[in-house]
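# Structural overview
If you want the building blocks of each chain, they are given just below.
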Amino acid sequence: MAEKSGADILVQCLVDLGVEVVFGYPGGAVLPIYDALYNHPTIRHVLVRHEQGATHMAEGYARSTGKPGVVLVTSGPGATNAVTGITDALLDSIPMIVITGQVPTQLIGTDAFQEADTVGITRHCTKHNYLVKTPGKLAEVIHEAFHIATTGRPGPVVVDIPKNVQIATAPYAKPELKVHASYHPQTKADAAAIDAAVEMLAAAERPILYTGGGVINSGPQASALLRELAALTGAPVTSTLMGLGAFPASSDQWVGMLGMHGTYEANWAMNQADLILCVGARFDDRVTGRLDAFAPNSRKIHIDIDRSSINKIVDVDVAVVADVASALDDIIALWKQRNHQKSDLTEWWARIAGWRAKKSLDYAENGTEIMPQRAIADLYKACNATGKDVIITTEVGQHQMWAAQHFGFEAPNKWLTSGGLGTMGYGFPAAIGAQMGNPDSTTICIAGDASIQMNIQEMGTASQYRLPVKIFILNNEYMGMVRQWQELTYESRYSNSYSDSLPDFVKLGEAYGWTGIRIEGPQELEAGIRQMLETDGPVIVDCRVAKLSNCFPMIPSGAAHTDMLLDPSQVKGSMTDEAKALV
Amino acid sequence: MHIQEELSQRHVLSLTVSNEAGILARIAGLFTARGYNIDSLTVADITDDHAISRITIVTSGPPKVIDQIIAQLDRLVPVHKVIDLTEAGPFVERELALVKVAGVGEDRIEALRLADVFRAKVVDTTIESFIFEITGTTEKVDNFVGLMRQIGLVEVGRTGVVGLIRGKEAN
């Protein structure tokens, strides 16, 4: 059999696995792989400016296309720079394969130049990882790595390849998929659990569907089935930050996002429900608020592909361990087979209407400043008017929450945000990755003035690959969410939460060959957004917004869903130590 | 403000895992990363081809935490099976200890008498010392070591617990 070098085996595997794009950065320990990629006919390599950028691009690519993202970085600092993005992908269950170069096997453990214990460092921030010590093992490891990253609960997998393994040769034939005998994620639910779930749903008087990122991960079919189940039951639907778009925001049954910055109606409906059907969400602390007051009179059904998510934080009555689409399919089939009819939920919906009437997302405007919520709402309106497919990414902070609240999502895979890890610096590279995977879509990163600077170097990447991404900065010259917490907790002592020495974002854009737009007042907002959307190339918009706006409604840490703050007048300015100690 | 701690129970977990590089670090690291306790941990390969190891972990925690530990272990790719022996029904557990005791005269004779009571074997001797080998439950070994401490305990080496479910089935 013909022998191939480890580097050639790797590249052949990537081709066989259908990889079209690799986000990476070269260095000493991956030179053989880069040589194998030189002028490659099918694999496009995107040269990033920092390895963290590569990981978030891969995440954005994966989340928007449903295909795994692939990253290629060198040993040592290349690998350690990737760690934040790898951890982000683990927390948000994003399928990603990270190939890292390593010093040659005979130098491992000698503190060689650019050596880091990559498998040790990434052991607990990956779904699985490998150090491949011989080229003969490489093909089966790469195939297994893709399988593990993309099946069950998706996640990042690191494959560390020493430089001599990239150069040494081994016989190569396309391998059969050989997976650990111990790896068998459960995707099909137990019939008894489905039966119990259907009967509880049919009997519920105040049901709510609490959906999350698992619906998106399960694929477009899961979103379609969720819509069908919502129609069959007539239940209100809420979602976590990660699940936005799985259910259309324009539906009458949509009650908005729940949790810390969720709507009044979503959180009250969760609190008062008699049945919660959790679909691919994980009762995260941002969602539950104070645990002993969380949905106190409800029975709970939890659909999750990862058994360890069930009963981790909130005890549930029925555990459905399965892929979301498969479980919803089973539930719908049994519902129809038993000929269940929609319950009369008139009274329940009347109560929800009462909570809705609070209009918890409303905000006051003064006519002289742009309210950040208004900027998002206008952006949403303008995007809709284009009729084009729009993908929104965000950084982390107030702007992220405002985007979640005021931008309506109708379809899955159009909303990319760092939910679990809350990584500032995620959104812009994620937009680049999404644009790579969706060349015909309008891709917009909604950012804050602080978080955009965390991976702003990737502007060069967008220029190089002529990616027409848009950055829409809500510039309030603060790390707004930190400032907001300081106002809530530390009597407005703004310890290091202001943005000093900000760059001129317009000039910065121009320096990279982008279009820069500044929007300074309400009268410029509509035209500025329109110009951004009508410009063909990449655009950075510096939208100056009201500096001290805060994000409401809010469940402060340690509070129950029923103790939401609806506006600034309810802020006391300090908290107990118990509340301060919560994140 | 003070930090509250919950009541915990002792559980013996038995895992079969693929015998591959890093598996022990993966498991030990999971315990530290998620703040679980390890009272003892033993590992050795148990198949002819050295492909599978059994890891026995004695841990403690509230029931909900034990349930999480099992679920978290179970989702590690190289972990084949996790059994909570404490929950799964009657099981035997044993550990082995080597106990070095120094003494002369009546102490030396008393040490031998106690060893006989505990069915400990002498595996090394000098004029002034013994090394006893004792197997049994953790409690039995604790008791033996406690008695020897009063006579002239020098040092102890313990293997930690291994356990198997009773009966003819493989688990």
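Right above here is the structure, for reference.
Residues numbered from 1 in each chain as written. Chains lettered and ligands numbered in written order. Predicted model: local features only at pLDDT ≥ 70, side-chain atom pairs only at ≥ 80, totals over all residues. Heavy atoms only, no water.

### Remarks on the overall build of chain A
Within chain A, the secondary structure is distributed over 22 helices and 20 strands. The globule rule puts the C-alpha radius of gyration for 583 residues at 25 Å, and the 24 Å found for chain A is close to it. With respect to the principal axes defined by its C-alpha atoms, chain A has extents near 70 × 60 × 50 Å. Within chain A, the fraction of its 583 residues that count as buried is 60%. Residue pairs in contact within chain A that sit at least 24 positions apart in sequence constitute 76% of those at least 6 positions apart. Approximately 21,700 Å² of chain A is accessible, and the part contributed by carbon and sulfur atoms is 50%. (Helix = DSSP H or I, 4+ residues; strand = E, 2+ residues; numbered from the N terminus. Rg over C-alpha atoms; globule rule 2.2 N^0.38 Å. Buried < 20%, exposed > 50% of the residue type's maximum accessible area, 1.4 Å probe, protein only. Contact = heavy atoms within 4.5 Å. Areas by Shrake-Rupley, 256 points an atom, 1.4 Å probe, with all protein chains shown as cover.)

### Notes on the interface of chain A and chain B
Contact with chain A, which involves 24 residues of that partner, is made by 20 residues of chain B. A per-residue breakdown of the area chain A buries against chain B is headed by R123, S182 and R307 of chain A, which together make up 29% of the total. Between chain A and chain B we count three salt bridges in total. When the shortest N-O distance is used, the salt bridge between D306 of chain A and R75 of chain B registers 2.4 Å. Linking chain A to chain B there are seven residue pairs in polar contact (both at pLDDT 80 or more). Tallied by class, the residues present in the side of chain A that touches chain B amount to seven nonpolar, eight polar and nine charged. (Buried area = accessible area lost by both parts, 1.4 Å probe. Salt bridge = Lys/Arg side-chain N within 4 Å of Asp/Glu carboxyl O. Polar contact = N/O pair within 3.5 Å; in protein donor to acceptor, adjacent residues only side chain to side chain. Nonpolar A, V, L, I, M, F, W, Y, C, P; charged D, E, K, R; others polar.)

### Considering the pairing of strand β3 (residues 52-61) of chain B
Residue and element names in this part refer to chain B. Across the ten residues of β3, nine count as buried, placing the element largely inside the fold. Bridging between strand β1 (residues 9-18) and β3 involves ten bridges; their strand directions are antiparallel. If you follow L15 over to β3, its bridge partner there is I55. In terms of strand pairing, strand β2 (residues 40-45) meets β3 through six bridges, oriented antiparallel. Bridged to S40 within β3 is V58. Between the antiparallel neighbours β2 and β3 lie six residues, among them H50 with a positive phi of about 60°. (Pairing = 2+ DSSP bridges.)

### Some thoughts on the layout of surface pockets
Reported here for the second largest pocket is a volume of approximately 680 Å³. Lining of the second largest pocket is provided by 21 residues; of these, Y130, L131, V141 and H180 of chain A together with E20 of chain B occupy positions nearest its centre. Mapped by element, the contributors of at least two residues to the lining of the second largest pocket are β6 (128-131) and α6 (135-150) of chain A. In the lining of the second largest pocket, the residues fall into eight nonpolar, five polar and eight charged. (1 Å grid on protein atoms, 1.4 Å probe; cavity = no way out; pocket = protein on both sides within 12 Å on 5 of 7 lines; lining within 4 Å. Points joined across faces, edges and corners; volume = space filled by probe spheres on them.)

### What to know about the sheet that holds strand β13 (residues 299-304) of chain A
Residues and elements named next belong to chain A. Across the sheet, which stays open at both edges, the six strands sit in the order β11-β10-β9-β12-β13-β14 with parallel pairing between neighbours. Either end of the sheet is taken by a strand with one partner, and the two such strands are β11 (254-257) and β14 (318-321). Recorded for the sheet is a direction-independent mean angle of 15° between the axes of neighbouring strands. Judged from the five bridges that link them, strand β9 (residues 207-211) and strand β12 (residues 275-279) form a sheet pairing that is parallel. The partner of I208 across the bridge, within β12, is I276. (Axes fitted to C-alpha atoms, helices over the stretch in contact; angles between N-to-C directions.)

### Considering unusual backbone geometry
The phi angle of most residues is negative, glycine excepted, and most peptide bonds adopt the trans form. All names here are of chain A. Cis geometry is adopted by the peptide bond preceding P553, which originates at F552 and carries an omega value of -5°. Along the chain, P553 falls in the loop between β20 (539-544) and α22 (577-580). Of note, the phi angle at N311 is positive, near 65°, even though the residue is not glycine. Checked against the element boundaries, N311 lands in the loop between β13 and β14. Phi is positive for N496, which is not a glycine, with a value near 60°. By the secondary structure assignment, N496 is in the loop between α19 (480-489) and α20 (505-511).

### Regarding the packing of aromatic side chains
All names here are of chain A. The full count for this structure, using the stated rule, is 16 aromatic pairs over all chains. Ring centres of F283 and F294 lie 5.8 Å apart, and the angle between their planes is 90°; this geometry places the pair in the edge-to-face category. Note that F283 is positioned in the loop between β12 and α12 (285-288) and F294 in the loop between α12 and β13, a separation of eleven residues in sequence. Like F283, the residue F294 is buried in the burial classification. Between F428 and W514, the aromatic rings sit 5.8 Å apart at their centres with planes inclined by 70°, giving edge-to-face as the arrangement. Linking F428 in helix α17 (residues 427-437) with W514 in the loop between α20 and β19 (515-519), this pair joins segments that are 86 residues apart in sequence. Taken individually, F428 and W514 each receive the classification buried, so the pair is uniform in this respect. Through a chain of ring-to-ring contacts, three or more aromatic side chains come together here, namely Y264, W268, W348 and W355. Positioned over the ring face of Y478 is R483, at 4.9 Å from the centre of the ring. (Phe/Tyr/Trp six-rings, centres within 6.5 Å; stacked < 30°, edge-to-face > 60°. Lys NZ or Arg CZ within 6 Å of the ring centre and 35° of its normal.)

### Observations regarding the environment of R108 of chain B
All names here are of chain B. Note that R108 resides in helix α4 (residues 106-117). In this structure, the C-alpha to C-alpha distance between R108 and D48, residues 60 residues apart in sequence, is 43 Å. Excluding residues that lie within four positions of it along the chain, R108 makes contacts with G103, T125, T126, I127, E128, S129 and F130.

### Concerning the nonpolar core
Residue and element names in this part refer to chain A. By size, the foremost hydrophobic cluster in this structure holds 71 residues, and its most contacted members are I303, V320, L379, I444, F472, M532 and C543. With eight residues, helix α13 (residues 324-337) is the largest single contributor of residues to this core. Those residues within four positions of I303 in sequence are excluded, and the remaining contacts are L277, C278, V279, G280, V320, A322, V324, A327, L328 and I331. With 38 residues, the next largest nonpolar core counts A62, M96, A462 and W514 among its residues. (Core = buried A, V, L, I, M, F, W, Y, C linked by side-chain atoms within 4.5 Å.)

Worth remembering: the numbers are spatial, not functional.
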